[in-house]
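Summary of the model geometry
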Amino acid sequence: MSEKLSFVNPTANSPWGTYLQQVDRVIPYLGDLARWAETLKRPKRALIVDVPIEMDDGRIAHYEGYRVQHNMSRGPGKGGVRFHPDVTLEEVMALSAWMTVKTAAVNLPYGGAKGGIRVDPKKLSQKELEKITRRYTSEIGIIIGPHTDIPAPDVNTNGQIMAWMMDTYSMNTGGTSTGVVTGKPLHLGGSLGRVKATGRGVFVTGREAARRLGLDLRGARIAVQGFGNVGSVAAELFVEAGAKVVAVQDHTGTIVNPDGLDLNTLIPISRTPAGAAGFEGGDKIPNEQFWDVPCDILIPAALEGQITAERARKTAARLVLEGANGPTVPEADDILAERGVLVVPDVICNAGGVTVSYFEWVQDFSSFFWDEDEINVRLDRIMMNALHQIWDTADKHKISLRTATYAVACERILMARQERGLYP
Ligand code: GLU
């Protein structure tokens, strides 16, 4: 009955194509709410902006930026901003939709949104990075706001970029609006625990999943793809719990050590331009061999579409923890399920970041800041409860954790949609 969207042309494994298949899989479990399901398959609002800046050498460069508000039935839009040369409208749409599902899965009072600029930030000077951030913020300023849509960090964005975004929005509106973005530096209304929150959430959901699987974390072998803010923090927490990290892949290469990589040396090196490949305490192997490394837990914490059908057939892992958004294509999901590999899906596994973003936003409005213990205890509780609820739903219907997460989340989203009713 509804017309297809004209502005995307998804394929089976592209981000939006992946998301659409994930929605299709949950429809049979939505009961009467299925009537509203089409709402999940189209973004509420998508803004494309031109971002012109004067470069240090005097040239004028134009970049393409996006902000997509996928759904706001349960609250303001929420979701990060990504700076990456591969960003497209289609990718941002999928990422915004995954935010809708994610915030509903952990029951935060938000909808889903996402933004991005198609740019390689490594090629920009600090001054150019500030200019592109400010101009982009000003352009999307017509749709963001502390009560409408709240950006946050994502791939290649950080606290400094959030500070510029907050300042630009505040300059344009008058006053100081700390609640317009989360993931800010501490003295600008940021929250303790935010930087490590996504990695911590991956650990908490992984710990609970391992417990239910009967997989002992002591001595468990972990392989991590993507060693930024998510992968490296999760790796550290698993090592604290007795596991060992046997393989790490980042954009510079893949290193392995069956006895465990020394994270105290590896993490600082991975933050330098040399990257993980600059680490001496392991063997370098070709990137594709990362997927064959004997391991118990696989943590994809980089970009979308990494676990393809072929890689899903190869992995030795029993447990996959999706630190990244959209790392597994639907066909690979089926192969992993057939092989008895449990996948804790992105929309629950990496929800720790947006959960502490929510804490930050609440603290900004009350101007009362919590200590780190309180944040971590609350984060742990929310993630644990969400995981167990989803696990029980999966057991009840004999479905994957992903479809169970969508069932729990989509019921909340569509119930809100139905109760609000169609306007006019
Ligand atoms: N970019 C993160 C995510 O994908 C965090 C979003 C937020 O804190 O709003 O979940």
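Reading the values: rules and limits
- Residues numbered from 1 in each chain as written.
- Predicted model: local features only at pLDDT ≥ 70, side-chain atom pairs only at ≥ 80, totals over all residues.
- Heavy atoms only, no water.
- Helix = DSSP H or I, 4+ residues; strand = E, 2+ residues; numbered from the N terminus.
- Rg over C-alpha atoms; globule rule 2.2 N^0.38 Å.
- Buried < 20%, exposed > 50% of the residue type's maximum accessible area, 1.4 Å probe, protein only.
- Contact = heavy atoms within 4.5 Å.
- Areas by Shrake-Rupley, 256 points an atom, 1.4 Å probe, with all protein chains shown as cover.
- Lys, Arg positive; Asp, Glu negative; His and termini not counted.
- Charge placed at Lys NZ, Arg CZ, Asp CG, Glu CD.
- Core = buried A, V, L, I, M, F, W, Y, C linked by side-chain atoms within 4.5 Å.
- Expected span 1.5 Å × (residues − 1).
- Phe/Tyr/Trp six-rings, centres within 6.5 Å; stacked < 30°, edge-to-face > 60°.
- Lys NZ or Arg CZ within 6 Å of the ring centre and 35° of its normal.
- Near = heavy atom within 4 Å.
- Polar contact = N/O pair within 3.5 Å; in protein donor to acceptor, adjacent residues only side chain to side chain.
- Nonpolar A, V, L, I, M, F, W, Y, C, P; charged D, E, K, R; others polar.
- Pairing = 2+ DSSP bridges.
- Axes fitted to C-alpha atoms, helices over the stretch in contact; angles between N-to-C directions.
- Left-handed = near helix turned anticlockwise from the far one by under 90°.
- Parallel < 35°, antiparallel > 145°, perpendicular 65-115°, else oblique.

When helices and strands are tallied, the protein shows 13 helices and 13 strands. Over its C-alpha atoms the protein spans a radius of gyration of 21 Å, differing by no more than 12% from the 22 Å that the globule rule assigns to 424 residues. Projected onto the principal axes, the alpha-carbon positions of the protein cover approximately 55 × 55 × 45 Å. A total of 424 residues make up the protein; the buried ones form 60% of that total. Put simply, of all contacts in the protein between residues at least 6 apart along the chain, 69% involve residues at least 24 apart. Surface exposure of the protein reaches about 17,500 Å², of which carbon and sulfur atoms provide 50%. If you average the places of the 46 positive and of the 50 negative side-chain charges in the protein, the two averages end up 4 Å apart.

Judged by nonpolar contacts, the single largest core of 60 residues is most densely connected at Ile299 and Val344. If you tally residues by element for this core, the top one is helix α12 (residues 372-397), at 8 residues. Those residues in contact with Ile299 that lie beyond four places of it in its chain are Val202, Ile222, Ala223, Val224, Gln225, Ala234, Phe238 and Leu321. Core analysis: the next-biggest nonpolar cluster, separate from the first, contains 32 residues, Val87, Trp98, Ala104 and Val347 among them.

A few words now on helix α13 (residues 401-420). Spanning 20 residues, α13 covers 29 Å between terminal C-alpha atoms, matching the ideal 28 Å at 1.5 Å per step. α13 sits mainly inside the fold: 14 of its 20 residues count as buried. Positioned one or two residues after α13, Gly421 has a phi angle of 80 degrees, which is positive.

Counting across every chain of the model gives 9 aromatic pairs. An angle of 75 degrees between the planes, with centres 4.9 Å apart, marks the rings of Phe203 and Phe238 as edge-to-face. On the criterion of sequence distance, the pair formed by Phe203 in helix α5 (residues 194-213) and Phe238 in helix α6 (residues 231-240) is long-range, its members being 35 residues apart. Phe238 carries the same exposure label as Phe203, and that label is buried. Within the aromatic cluster, the residues linked to one another by ring pairs are Tyr110, Tyr358, Phe359, Trp361, Phe365 and Trp370. Here the guanidinium or amino end of Arg378 rests over the ring plane of Trp370, the centre of that ring lying 4.8 Å away.

A word on the environment of Ile297. Inspection of the secondary structure assignment puts Ile297 in strand β11 (residues 297-300). Accessibility expressed as a relative area gives 0% for Ile297, which makes it buried. Taking the C-alpha atoms as reference points, Ile297 and Asn350, 53 residues apart in sequence, are found 15 Å from one another. Setting aside anything within four residues of it in sequence, one finds Ile297 in contact with Leu215, Leu217, Arg221, Ile222, Ala223, Phe238, Ala317, Leu319 and Leu321.

Moving on, we get to the site of the ligand. Taken together, the neighbourhood of the ligand is formed by 14 residues, with Lys78, Lys102, Pro153, Asp154 and Ser357 sitting nearest. With respect to the ligand, the side chain of Ser357 contributes an N or O atom lying 2.6 Å from an oxygen atom. Within the complex, the protein chains bury 95% of what would otherwise be the 300 Å² of accessible surface of the ligand. For the shell around the ligand, the secondary-structure elements that each account for two or more residues are α2 (89-105) and α11 (352-366). Class assignment of the residues belonging to the shell around the ligand gives a composition of 4 nonpolar, 5 polar and 5 charged.

Bringing the sheet that holds strand β1 (residues 45-54) into the picture now. Two orientations exist for strands paired in a sheet by backbone hydrogen bonds: parallel and antiparallel. Read from one edge to the other, the open sheet built from 4 strands follows the order β1-β2-β5-β4, with strand pairing classed as mixed. Every other strand in the sheet has two partners, leaving β1 and β4 (81-84) as the edge strands with one partner each. The mean angle between the axes of side-by-side strands here comes to 20 degrees, regardless of whether they run parallel or antiparallel. Pairing between strand β2 (residues 60-71) and strand β5 (residues 112-118): 6 bridges, direction antiparallel. Bridging across to β5, Gln69 finds its partner in Ala113. Here α2 sits on the sheet and contacts β1, β2, β4 and β5; the angle it forms with β5, its principal contact strand, is near 155 degrees.

Turning our attention to the pairing of strand β8 (residues 244-250). Extensive coverage of β8 is indicated by the burial of 6 of its 7 residues. Note that strand β7 (residues 221-225) and β8 share 5 bridges and pair parallel. Residue pairing across strands places Gln225 opposite Gln249, the latter belonging to β8. Counting the residues that bridge the hairpin from β8 to strand β9 (residues 253-256) gives 2 residues.

The interhelical angle for the contact between α5 and α11, taken along N-to-C directions, is 145 degrees, at an axis separation of 6 Å. The crossing of α5 and α11 is right-handed. Residues Arg194, Ala197, Thr198 and Gly201 of α5 lie in contact with α11, whose contacting residues are Gly352, Gly353, Val356, Ser357 and Glu360. Taken together, the residues of the contact of α5 with α11 sort by class into 2 nonpolar, 5 polar and 2 charged.

Our next topic: the packing of helix α1 (residues 15-26) against helix α9 (residues 330-338). The contact between α1 and α9 brings their axes to 9 Å, and the two run at 50 degrees. As summarised for this structure, α1 and α9 are arranged oblique, according to the angle between their axes. From α1, Thr18, Gln21 and Arg25 reach across to α9, where they touch Pro330, Asp333 and Asp334. Split into classes, the residues belonging to the contact of α1 with α9 amount to 1 nonpolar, 2 polar and 3 charged.

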